[in-house]
Amino acid sequence: MWWWRPDTSQHGIALLSADELTRYHRYQVPQAAQTYLAARVLLRSVLSTYCSVAPADWRFETNPWGRPRIATAKAPAGLIFNLSHKPGCVVCLIGYGRELGVDVEDTAANRPNVLELAERFFSASEAAALKALPLERQFDRFYDLWTLKESYIKARGLGLSLGLSRFSFTPAGNTATVRFDPGFQDDPEAWDFRLFHPDTQYVIATAVERLPGLPPVIEMRDAAELIAQLAPPPL
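Reading the values: rules and limits
Residues numbered from 1 in each chain as written. Predicted model: local features only at pLDDT ≥ 70, side-chain atom pairs only at ≥ 80, totals over all residues. Heavy atoms only, no water. Pairing = 2+ DSSP bridges. Helix = DSSP H or I, 4+ residues; strand = E, 2+ residues; numbered from the N terminus. Buried < 20%, exposed > 50% of the residue type's maximum accessible area, 1.4 Å probe, protein only. Contact = heavy atoms within 4.5 Å. Axes fitted to C-alpha atoms, helices over the stretch in contact; angles between N-to-C directions.

Engineer: I'd like a description of the sheet that holds strand S11 (residues 221-222), backed by residues and values.
Structural biologist: Pairing is mixed in the open sheet, where four strands are placed in the order S4-S5-S1-S11. Two strands in the sheet have a free side with no partner beyond their single neighbour: strand S4 (79-86) and S11.

Engineer: I'd like a rundown of the environment of Arg69, residues and numbers included.
Structural biologist: Locating Arg69 in the fold gives a position in strand S3 (residues 68-70). Since its relative accessible area comes to 41%, Arg69 is described here as partly exposed. Sequence separation of Arg69 and Phe81 is 12 residues, and the distance between their C-alpha atoms is 7.3 Å. Leaving out residues up to four positions away in the same chain, Arg69 has contacts with Arg59, Phe60, Glu61, Thr62, Asn63 and Phe81.

Engineer: How would you sum up the sheet that holds strand S9 (residues 191-196)? Please name residues and give values.
Structural biologist: Here we have five strands laid out as an open sheet, ordered S6-S10-S9-S8-S7, and antiparallel in their pairing. Whereas interior strands pair on both sides, the edge strands pair on one side only; in this sheet they are strand S6 (100-106) and strand S7 (167-172). Each neighbouring strand pair of the sheet contributes to a mean axis angle of 20°, computed without reference to strand direction. In terms of strand pairing, S7 meets strand S8 (residues 175-180) through six bridges, oriented antiparallel. Bridging from a neighbouring strand, Phe169 pairs with Val178 of S8. On the sheet, helix H5 (residues 135-156) packs against S6, S7, S8, S9 and strand S10 (202-209) and is oriented at approximately 145° with respect to S6.

Take a look at the structure:
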C-alpha cells in the first residue's frame, strides 16, 4: 500500500490523459482539483513500479458500478488496484488476482455527530457498541468502522447496493473481523481487514480477499520519493 502527502503544486500534471486533464480543469474548488490530480499521479506512478509501462501510458475503464480498473494491454493479468483520497493524503492499494479495497478518512477535517450517523448507517450491533464506549473513544471508533465499511464496499465493487447496515465489524487493535446478516452472500472468513494510522490525522482501512496458501501481506510505503523520480514537477 502506497500513500502520499502531496504538495499544492501541479506536480505530475503532464502524466494525465486527455480525459483526466479535462476532469481536472472542471473542478471549481482548487483543493478538490489538487486532490484529484494527486490521486491520478500516485496511481500512475505506483502502477509503473509493477510492470514496464510508463506512468503516462496507463489506461483505465470502469465497471457498471463506476469502479475503475486497468485497461492497458501490456499490464500483467490479475493486476488490480484501489484508490482513496482526502485533501492532503492519497492512498493506493495494489494486488494480484484478488479483490481488494482501501479507504482513507481525515479525522481532523470533520467532527460529525457520530452516534446519529451510526444510528442511520451502521448495523444495530455496531451502533450499540459505539454508544457503549466512553465519549473520548467514540470518535476514533466511528472512523475505524466507517473506513472498514468503505474499504469492504470498494473491494466488492458493487457500490452502496450492498447496504452499510447488513454487515458488522469488530475492530481489535489493527485488525478487524466482520459478521454478515443472514442471507448476505459472502463469507466472513474470505476477507482480511486491517487498520492503519499513519499519523494522528488520517485513518486507513484495507479489505483484501484471502486466497488459499497466500496470506495477504500489506506494507505501508511513502510514495514521495517514487513520485519525485517518475513525475517531476512542472517547470
